[in-house]
Amino acid sequence: MISRQYLVDQIKQKKSFLCVGLDTDVEKIPEFLKAYPDPIFEFNKRIIDATRDLCISYKPNAAFYEKHGVSGLQSLIATWKYLPADCLNIIDAKRGDMGNTSGMYAKAFFDESAAGMSFDAITLSPYMGHDAVSPYLEYKDKWVIILALTSSAGSKDFQYLTTEHGFLYEAVIQKANTWANADRIMYVVGATKSTEFTNIRKYAPDNFLLVPGVGAQGGSLADVCHYGMNKDCGLIVNASRSIIYASNGQDFAEAARAEALKIQQEMQAELEKAGII
Ligand SMILES: O=c1ccn([C@@H]2O[C@H](COP(=O)(O)O)[C@@H](O)[C@H]2O)c(=O)[nH]1
């Protein structure tokens with residue numbers, strides 16, 4: 001299991017809290033890779049080789065694989081097998097359903113004997129409540145990452161509705177913290193919502209937060225760190241398109257590395273400023 005302490009140690013060792021998002025779109029990958037039997041895996045493999053020392057996590061987004069049916073699933077499984085053991089491997093699937101159905105999704109993504117994959121963590125929608133999440137938390141060595149305040153414009157539709165416990169996203173965190181095995185819950189908070197991090201830390205002072213939205217979506221890493229970092233860092237910041245599509249030529253892996261390195265260097269400076277390293 002990737003424990004909390006292991007994550008903290010990895011952050012200190014790699015001087016990074018970067019998660020590279022594997023949102024691999026065949027329309028955007030370099031032309032020459034299309035001659036390979038599994039172009040998606042070939043692309044991911046080279047991105048992973050080019051970035052593994054600069055990040056602590058990888059996050060394939062399930063949609064980019066499921067779109068291709070059986071062959072996409074095969075690319076996802078091949079990618080999962082290739083992901084480095086020292087990185088937290090997150091499947092960004094955003095599932096959330098009735099308990100018995102959630103149990104099936106949990107098997108699909110967590111139990112290698114079912115579909116051939118066993119990710120360390122999965123993103124989940126909390127909308128259907130505790131029974132939608134608990135089947136995943138029953139896996140003692142896995143993390144669940146609950147959508148709290150997303151980076152999307154549509155976050156305003158529901159997540160800021162007021163409840164007796166504050167905004168809906170605040171109520172989600174307060175409630176989820178009461179569930180069994182809540183010590184293995186992380187929350188998704190978008191980098192585009194950086195000023196809300198102070199608020200989020202009131203309810204989730206120690207939880208790791210998965211933060212998408214830097215890079216292509218324009219969120220500020222400096223602001224995320226300013227408002228959201230805790231004493232152990234407590235952040236896993238994702239960037240997908242800005243890294244993996246930094247170039248679509250022969251040099252795509254080198255360009256991805258250069259982009260990841262820029263973010264890692266900024267992260268190192270933030271970790272130093274906070275006295276974490
Ligand atoms: O609030 C959210 C939750 C998830 N995401 C996902 O993260 C990546 C972001 O990709 P970029 O290319 O760096 O924008 C993508 O998989 C999203 O589905 C998010 O952006 N916001």
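These numbers were taken from a predicted model, which means no experiment stands behind them. (Residues numbered from 1 in each chain as written. Predicted model: local features only at pLDDT ≥ 70, side-chain atom pairs only at ≥ 80, totals over all residues.)

Asker: How do you make sense of the overall build of the protein chain when you look at a structure like this?
Answerer: Scanning the protein chain from N- to C-terminus turns up 13 helices and 10 strands. Rg of the C-alpha trace for the protein chain: 18 Å, near the compact-globule value of 19 Å for 277 residues, within the 12% margin. Looking at the protein chain residue by residue over its 277 residues, the buried ones come to 47%. Residue pairs at least 24 apart in sequence account for 70% of intrachain contacts in the protein chain once pairs closer than 6 positions are excluded. (Helix = DSSP H or I, 4+ residues; strand = E, 2+ residues; numbered from the N terminus. Rg over C-alpha atoms; globule rule 2.2 N^0.38 Å. Buried ≥ 20, exposed ≤ 12 C-beta atoms within 10 Å, placed from the backbone. Contact = placed C-beta atoms within 7 Å.)

Asker: Would you mind going over the site of the ligand with me for this structure?
Answerer: Near the ligand there are 19 residues, and of these Thr150, Ser151, Pro212, Ser240 and Arg241 occur at the shortest range. Those elements that place two or more of their residues in the shell around the ligand are strand E10 (235-239) and helix H12 (241-244). Its residues assigned to classes, the shell around the ligand comprises four nonpolar, 12 polar and three charged. (Near = placed C-beta within 6 Å. Nonpolar A, V, L, I, M, F, W, Y, C, P; charged D, E, K, R; others polar.)

Asker: In this structure, what is going on with helix H11 (residues 221-228)? I would like to understand it.
Answerer: The α-helix advances 3.6 residues per turn, and as a result positions three or four apart in sequence lie on the same side. The complete set of buried residues in H11 reads Leu221, Val224, Cys225 and Gly228. Relative to the axis of H11, the buried residues are bounded by an arc of 100° and lie together on one face. In the core, the buried residues of H11 are packed alongside helix H10 (197-203), strand E9 (209-212), E10 and helix H13 (252-273). (Arc of directions from axis to C-beta.)

Asker: What am I meant to see in the pairing of strand E8 (residues 185-189) here?
Answerer: The side chains of a regular strand alternate between both faces of the sheet. Most of E8 is tucked away: five of the five residues are buried. The side-chain alternation of E8 yields two buried faces, one formed by Ile185, Tyr187 and Val189 and the other by Met186 and Val188. Across five bridges, the pairing between strand E5 (residues 143-149) and E8 is parallel. Residue pairing in the sheet places Val144 in a bridge with Ile185 of E8. When E8 meets E9, the two strands line up parallel, connected through two bridges. Each bridged residue has a counterpart across the sheet, and for Tyr187 the counterpart in E9 is Leu209. A crossover connection joins E8 to the parallel E9 through H10; in handedness this β-α-β unit is right-handed. (Pairing = 2+ DSSP bridges. Right-handed = clockwise from strand over helix to strand, strands pointing away.)

Asker: What is the right way to look at the UniProt feature "domain: Orotidine 5'-phosphate decarboxylase" (unreviewed entry) in the protein chain in this model?
Answerer: The residues that UniProt annotates with the feature "domain: Orotidine 5'-phosphate decarboxylase" (unreviewed entry) are residues 17-256. Along residues 17-256 the backbone is 38% helical and 19% strand, and the end-to-end C-alpha distance reaches 16 Å. (UniProt positions renumbered as here; feature names shortened; annotations may be inferred.)

Asker: Any chance you could explain unusual backbone geometry here in plain terms?
Answerer: As a rule of thumb, non-glycine residues mostly have phi less than zero, and peptide bonds are mostly trans rather than cis. The residue Lys94 is not glycine, and still its phi comes out positive at about 50°. Among the structural elements, Lys94 can be located in strand E3 (residues 88-95). The phi dihedral of Asn181 falls on the positive side, at around 65°, and the residue is not glycine. Positionally, Asn181 belongs in the loop between helix H9 (168-176) and E8. A residue is classified by how many C-beta atoms lie within 10 Å of it, and Asn181, with 15 of them, is partly exposed.

Asker: Would you explain the sheet that holds E5 in this entry?
Answerer: The strands that make up a sheet pair up through hydrogen bonds in the backbone, lying either parallel or antiparallel. A barrel is described by the order of its strands in space; here eight strands give the closed sequence E1-E2-E3-E4-E5-E8-E9-E10, paired in parallel fashion. Taken pair by pair, the neighbouring strands of this sheet meet at an average axis angle of 30°, ignoring direction. The strands touched by H11 within the sheet are E9 and E10, with E10 carrying the most contacts at an inclination of about 160°. (Axes fitted to C-alpha atoms, helices over the stretch in contact; angles between N-to-C directions.)

Asker: Is there a simple way to think about the packing of helix H2 (residues 39-51) against helix H4 (residues 70-82) in this case?
Answerer: Relative placement of two packed helices is described by the angle separating their axes and the distance separating the axes. One way to put it is that H2 packs onto H4 with a least axis distance of 9 Å and a crossing angle of 20°. When the interaxial angle is binned, H2 and H4 end up roughly parallel. Between H2 and H4 lies a crossing of right-handed hand. When H2 is examined against H4, the residues Ile40, Phe41, Asn44, Lys45 and Ile48 are found in contact with a partner set consisting of Ser75, Ala78, Thr79 and Tyr82. (Parallel < 35°, antiparallel > 145°, perpendicular 65-115°, else oblique. Left-handed = near helix turned anticlockwise from the far one by under 90°.)

Asker: Got a minute to help me understand the confidence of the model for the protein chain in this structure?
Answerer: For any part of a model where pLDDT is low, the fine detail of the predicted coordinates should not be relied upon. With 100% of its residues at a pLDDT of 70 or more, the protein chain shows a mean pLDDT of 98. Predicted as a complex, the structure gets a pTM of 0.98 and an ipTM equal to 0.99. (pLDDT = per-residue confidence, 0-100.)

Asker: Please explain the nonpolar core as it appears in this structure.
Answerer: By size, the foremost hydrophobic cluster in this structure holds 85 residues, and its most contacted members are Leu18, Val144, Ile145, Ile146, Ala148 and Val237. Among residues more than four places away in sequence, those in contact with Val144 are Ala121, Ile122, Leu124, Val133, Tyr136, Leu137, Arg184 and Ile185. (Core = buried A, V, L, I, M, F, W, Y, C linked by C-beta atoms within 7 Å.)

Asker: Help me understand H9 in this model?
Answerer: For H9, the full list of buried residues reads Tyr169, Glu170, Val172, Ile173 and Ala176. Across the axial projection of H9, the buried residues extend over an arc of 155°, all falling on one side. On the buried face of H9, the contacting elements are E5, strand E7 (166-167), E8 and H10.

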